[in-house]
Amino acid sequence: MTSLAVASVGSLPEVALSPWWAAGVAAAGGVLHLAEAVRRSTTGFTKLHRCLTWAGAGAWTFTALGSTPWSVELLAPLVAGTAVAVTSAKAAAVYEETVTEREREEQRVLRRVGLAQEWEDRIARVCHIKGVDIVREGALTEWVRPDPAHPGQTRVTGYSIEAVLPAGGKRWTDISSKKLELGADADLPEGCGVEVRRGASARRVVIDVTTVNIFGEDVPLPADYSKRSINQPLVMGVRADGSLAEVSLRWVCGILIGQTGSGKSNALTVLITQLLRCDDVVVVGIDPNGGKAFRPFIRPWLKAGRTGRPAIEWIAPDGGEGSDERAWKLVNWLVKSIDRRAAAYESLMEEVDDDKIPVSHDLPHIVLITDETASLSRRVKAKLAELSNRSRAVSIRQLTCALRAIDAGGNGIPTDLLAQGKVRIAMDVQDDNELAYLFGWSKRTPKAEESKGVGTGFVSEGQEVPRQQKVYRAAPSAAADFAVHTEHLRPQVDQVTIDTDRDAWESRWDWLDEEPSARPAEPLSTPASPPTAASGDAAEALARLGFPGFGKTESAGQQQGAVDYDAEFRRLAEEQLADVGPAPAASRELRAPDLLVRCVEAAGDRPRVHMSTLAEACGVTSRRLGELLRMVGVEPIDHPVTVEGVKAKGYETAELAAAVEQIRRGERECPRPVWDALDPE
């Protein structure tokens, strides 16, 4: 069409374009397109097609300018030539694509052959294993993963090659033990490395080679609140090859270790968020560090009232020697529930023809998470080991967390718990012994120098080779967000398990009484503390206390002009508490509380005494004793007390005696609960 337009305009009398202009332009166009085709290394067919197209167009235009372009003799060849040019252009494009793809395949084959030869030589050179045969056909598998820097695009992050070892007893572990040396010989980029795993047969080995450092930056925890099941793996992050790093806690217990600053707490947070997505899981936890690991998950319930239920069903914020009542109560409740669950759901197991309880939203799996396990008392650790050994069939499993894997004189993770931990996760550590103690002393055990830094760790399930992963980075708000957005998924603990020890269950949040600021925005589901303004409105509080005529029976609109319940609550509370206060002065001068006197007598001539010793002498629990002594300003020593070779929480005898004397002289106030602590009434 371009030739026809040029010829039509050029043949006008006022234009009178010379035919040689058409010949010159056609020649120049052909030469330029030929040069471009040569530069791009296109096929000869494409080059010939372009030259002939320009030559044909130039010849027709030259002829049309010498006569008239609108004659039948010239239009017919133009139409025919255009049809041939269009058809041949499509054929040239198809041919070009076919040839290009064939060349790419040939290059891939050559690359495979080159890499195969390269790795055969490398294994012989580094591992001193000659005769290794890299499988040529399909040996090189490139990892094509999404490129986070360019959404919608992909990139190659590494490759896997498969090798067949020679006869003579060589195993894949002989290559795995030299993976650091192999990576150095390959001169891999910073942050990249080599991982070795067993192949499809005893003499086959798969070598994974990372060529892009995907651990160089944090991978944010996806805000995915969709429903999951404990029967599905939990996603923790990404592996070196860019695939998802997953672990399963359905039938196995887990161990998570990591030194301070390694990312262990972040990894624990990520695992809990994924457990909350499961609609057939209940999470309970023990943390001697005041429940710090779990508090972010219950804060929406405690503070803002954003949820009606806590995300963690039971938290025991203690567990050390002398103060392990809460942890003991929780673990003991779980151990006692084993037999009850097994007997109650025997028929259900028969229905599904399985010797293990099938879990569902109505009968949830229970996961006990213990943080700072090394700080737990010995009796709690022994109970945890018993729970681990007996609870698999009734679908109760554990995730044990600690700074170290090594059991230093009974102060670390018990060996029984470590033996049951089929899922083992080690965050960034500096000591090879830690990894060896966790994963076993073998050639496949990773080295500390392989760690890629904070947030990365090694993960192993069962007999798998420990593989490195980058754990998702959980933002500080992630715990609360998952607690809120997964509330509709959370199941209730089944009644069979609750009835194992209902008193223990209903008192699981009693420790919140010691932290008024930590009480939930809505009333607790268990009868625990006296109601306060933070526990609900005053009318409901008065009704629960038994005052007649109070109760929330009207709507907000109907209550206008009614009794000021808040003022009435304060008045009645003042009346009820009016007699609570210090004892009369004359009495204080003559006597001291029996509780304190008995504590001093139990301490004897020892400068320091254990809290448990005093509690036993007074006939109260250690927790209650601590509360009462705190009312009179007596605090425990801030470090464990050694008495007769045993370390535990304790008090200074001199401080107890001083409190007794000051109360007798009226120099120290003593509340009524302390006076009445040992009153049989």
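Student: Honestly, the packing of aromatic side chains in this entry has me stumped. Any pointers?
Tutor: Two numbers describe a pair of aromatic rings. These are the distance of the centres and the angle of the planes. For the coordinates displayed, the defined rule picks out six aromatic pairs. With a centroid separation of 5.1 Å and an interplanar angle of 45°, the aromatic rings of W314 and W333 are classed as tilted. Here W333 lies in helix α9 (residues 325-344) and W314 lies in strand β10 (residues 314-316), a separation of 19 residues in the sequence. Here W314 matches W333 in class, with each residue buried.

Student: Before we go on, may I ask you to explain the nonpolar core in this structure?
Tutor: Where a protein is soluble and globular, its nonpolar side chains tend to be buried together. The biggest cluster of nonpolar side chains holds 46 residues, and the ones touching the most others in it are L256, L268, I272, L275, I312, I369 and I425. Among the elements of the structure, β6 (234-239), α7 (264-276), β9 (281-286), α8 (295-304), β11 (365-370), β12 (396-402), β13 (421-427) and α14 (478-485) are those that each provide at least two residues to this core. Examining the composition of this core, we find that seven residues originate from one element, α7, more than from any other. In contact with I272, other than residues within four places in its own chain, are F294, F297, I312 and I369.

Student: Would you mind going over empty space enclosed by the protein with me for this structure?
Tutor: Enumeration according to the criterion identifies four cavities of 30 Å³ or more in this entry. Size it by volume and the largest cavity reaches roughly 70 Å³. Taken together, W314, I315, A316, R326, K329, S507, R508, D510, W511 and R623 make up the lining of the largest cavity. Taken together, the elements giving at least two residues each to the lining of the largest cavity come down to β10 and α9. In terms of residues, the lining of the largest cavity owes the most to one element, β10, which gives three residues. Of the residues that constitute the lining of the largest cavity, the class distribution is four nonpolar, one polar and five charged. The space that makes up the second largest cavity amounts to roughly 50 Å³. Lining the second largest cavity are L276, V281, V282, V283, R309, A311, E313, R490 and P491. Looking at which element gives the most residues to the lining of the second largest cavity, the answer is β9, with three residues.

Conventions and cut-offs
- Residues numbered from 1 in each chain as written.
- Predicted model: local features only at pLDDT ≥ 70, side-chain atom pairs only at ≥ 80, totals over all residues.
- Heavy atoms only, no water.
- Phe/Tyr/Trp six-rings, centres within 6.5 Å; stacked < 30°, edge-to-face > 60°.
- Helix = DSSP H or I, 4+ residues; strand = E, 2+ residues; numbered from the N terminus.
- Buried < 20%, exposed > 50% of the residue type's maximum accessible area, 1.4 Å probe, protein only.
- Core = buried A, V, L, I, M, F, W, Y, C linked by side-chain atoms within 4.5 Å.
- Contact = heavy atoms within 4.5 Å.
- 1 Å grid on protein atoms, 1.4 Å probe; cavity = no way out; pocket = protein on both sides within 12 Å on 5 of 7 lines; lining within 4 Å.
- Points joined across faces, edges and corners; volume = space filled by probe spheres on them.
- Nonpolar A, V, L, I, M, F, W, Y, C, P; charged D, E, K, R; others polar.

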